[in-house]
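What follows is the residue order along each chain.
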Protein chains: 2
Amino acid sequence: MVGPRAKLAAPSDAGTQIVAAATRLFAAHGFDGTTVQDIADAVGVTKPAILHHFASKEQLRQAVLEGILAHWNQTLPRLLLKATASEARFDAVFEELLDFFASDPDRARVLVREGLDRPEETKRLLRGPVQPWLQAVARYIHGGQKSGDHYDDVDPEAYVVHILQLVLVATASSAVTQAAITKDARRRYVRELARIAKAALFPKQKKPTSRRPSRRSSKPKES
Amino acid sequence: MVGPRAKLAAPSDAGTQIVAAATRLFAAHGFDGTTVQDIADAVGVTKPAILHHFASKEQLRQAVLEGILAHWNQTLPRLLLKATASEARFDAVFEELLDFFASDPDRARVLVREGLDRPEETKRLLRGPVQPWLQAVARYIHGGQKSGDHYDDVDPEAYVVHILQLVLVATASSAVTQAAITKDARRRYVRELARIAKAALFPKQKKPTSRRPSRRSSKPKES
DNA sequence: CCTACCGATCGGTAGG
DNA sequence: CCTACCGATCGGTAGG
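Thresholds, definitions, all that
Within every chain, residues take consecutive numbers counted from 1 along the sequence as written. For naming, the first written chain is A and the first written ligand is 1, with later ones following in the order written. Only residues with pLDDT of 70 or above have their local features reported here, since the model is predicted, and side-chain atom pairs are shown and tallied only from 80 upward, although totals for entire chains, interfaces and linings are computed over all residues. Only hydrogens and water are set aside; all other atoms, that is, all heavy atoms of the structure, feed into the side-chain values. Each residue is tested against the molecule or strand, and it is near if at least one of its non-hydrogen atoms lies within 4 Å. For this analysis, a polar contact is any N or O atom pair within 3.5 Å, provided that within protein one partner can donate a hydrogen and the other can accept it, and provided that sequence-adjacent residues contribute only side-chain to side-chain pairs. Counting from the N terminus, the helices are DSSP H or I runs at least four residues long and the strands are E runs at least two residues long. Lys, Arg, Asp and Glu make up the charged group, whereas Ala, Val, Leu, Ile, Met, Phe, Trp, Tyr, Cys and Pro make up the nonpolar group; the residues left over, Gly among them, are polar. Multiplying 1.5 Å by the helix residue count minus one yields the expected span of that helix. We call a residue buried when its accessible area falls under 20% of the maximum for its residue type, exposed when it is over 50%, and partly exposed in between, using a 1.4 Å probe and counting protein chains only.

Engineer: Pulling in residues and values, what's your account of the protein's contact with DNA strand C?
Structural biologist: As a matter of local geometry, DNA strand C sits amid 16 residues, with Thr46 and His53 of chain A together with Lys47, Pro48 and Lys57 of chain B nearest to it. Backbone atoms, meaning sugar and phosphate, form 53% of the atoms of DNA strand C found within 4 Å of the protein. A distance of 3.2 Å separates a phosphate oxygen of DNA strand C from a polar atom in the backbone of Val36 of chain B. Elements with a contribution of two residues or more to the surface near DNA strand C: α4 (47–53) of chain A together with α4 (47–53) of chain B. Considering every element that reaches the surface near DNA strand C, the biggest residue donor is α4 of chain A, with four residues. For the surface near DNA strand C, the per-class residue count stands at eight nonpolar, six polar and two charged.

As structure tokens, this is what we get:
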């Protein structure tokens, strides 16, 4: 142990640096496509040094996943507090959900890969720690249906799963899929993503052929 | 060479079998998570036999991708011929699109993995051979907007990208994500996926609280 | 946390 | 000479 002064000077200790590098490399190349040596090189230590902090490559993977889920559990409750079945709230919450993943696409990439590489473990995750959050959002939507704010043929549980999945993969591979959009890709990509999620939930008051922004107050039109 | 009779008797030759096994294994474990020996074991031959047909593991990956794209190019034109901006047509075309991927989820899994593992190559694919198909669908939607069948705030290019992405990932990881739905998961999963894609495109005539299927002629309801 | 290694297995290729 | 493989092993590298 070092002195109390040094404790605050080194909050980013070795283990944290290793998990950060591993998250980035697992996201880019996958678990099998990343060697312990790759991580050691990224951190600037030797391979045995990595395996001193994490007894196996497998334990390093679990640490990466736990780091992502911890960040999730820290952010999601605050995000859900904002959620009600009003249109303005939806925009705010959805934008925050996007920002949460977009702020570090590597998290989304790791999660998408995990679903492909380890389906059974991911199922247990979905049926366990993740389930309550999905159910909470589904209940919000169900409440919005009763009050007439949402379409009544929405399947709240399935809707939440699909939209979360769409946000995940859209974030994970945004750099790739935006290549299919000819110009102003980033803005249109995010905008349409939010529009789809919203249009599948909220009935529109205005006619499809009318152009006047009749009721919405400050719609950020393209300039 | 053998006699002409034997030529027709062996349409599923060694190369075809190898590509089929490689597709399945790459889908489940990824390119780096699959060894040439794994593929050899799956086919029932030795490793050098695999590397006789495909000079390297890398060339085998390209053969797998080409097989998927060939199947795509064979099916998509017929599928697009059906597409017009009518609601009934949308149901039929979207169902076929789902069936196309759902009939072999491994294809979707390989494509999702490819987007993560080789972003630059995937970008080139999207901007090259895939682009015309996306543009064609986008033009259909644009036409539907002009005739008032679709919302006028749909971004056709971005919509096509997102919905294709959603169908891809929903197919690739359906077994996993359905675990988050408590009961009757498969039916509700597919049904809500189609509903989201459709609700983001077609304005609804009926009020959100009404239940009667007012105008649709032969909706394929659950039996 | 390093140097120095292990059992095994990697993708790929030799001669036959 | 060709093809479609085999048993064995190449030089390197994996996780530990």
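Moving on from the coordinates now.
Engineer: Residue-level account of the protein's contact with DNA strand D, with values.
Structural biologist: Neighbouring residues of DNA strand D: 13 residues in total, closest Val36, Lys47 and Lys57 of chain A together with Thr46 and Pro48 of chain B. Counted by atom, the contact set of DNA strand D within 4 Å of the protein is 58% sugar and phosphate. Val36 of chain A has a polar backbone atom sitting 3.1 Å from a phosphate oxygen of DNA strand D. Within the backbone of Lys57 of chain A, a nitrogen or oxygen atom sits 2.8 Å from a phosphate oxygen of DNA strand D. Per-class residue counts for the surface near DNA strand D are five nonpolar, six polar and two charged.

Engineer: Give a detailed account of helix α2 (residues 14–29) of chain B, specifying residues and quantitative values.
Structural biologist: The terminal C-alpha atoms of α2 of chain B, which comprises 16 residues, lie 22 Å apart, in line with the 22 Å expected from a rise of 1.5 Å per residue. Inspection of α2 of chain B places Gly15, Ile18, Val19, Ala21, Ala22, Thr23, Leu25, Phe26 and Ala27 of chain B among the buried residues, and these make up the whole buried set.

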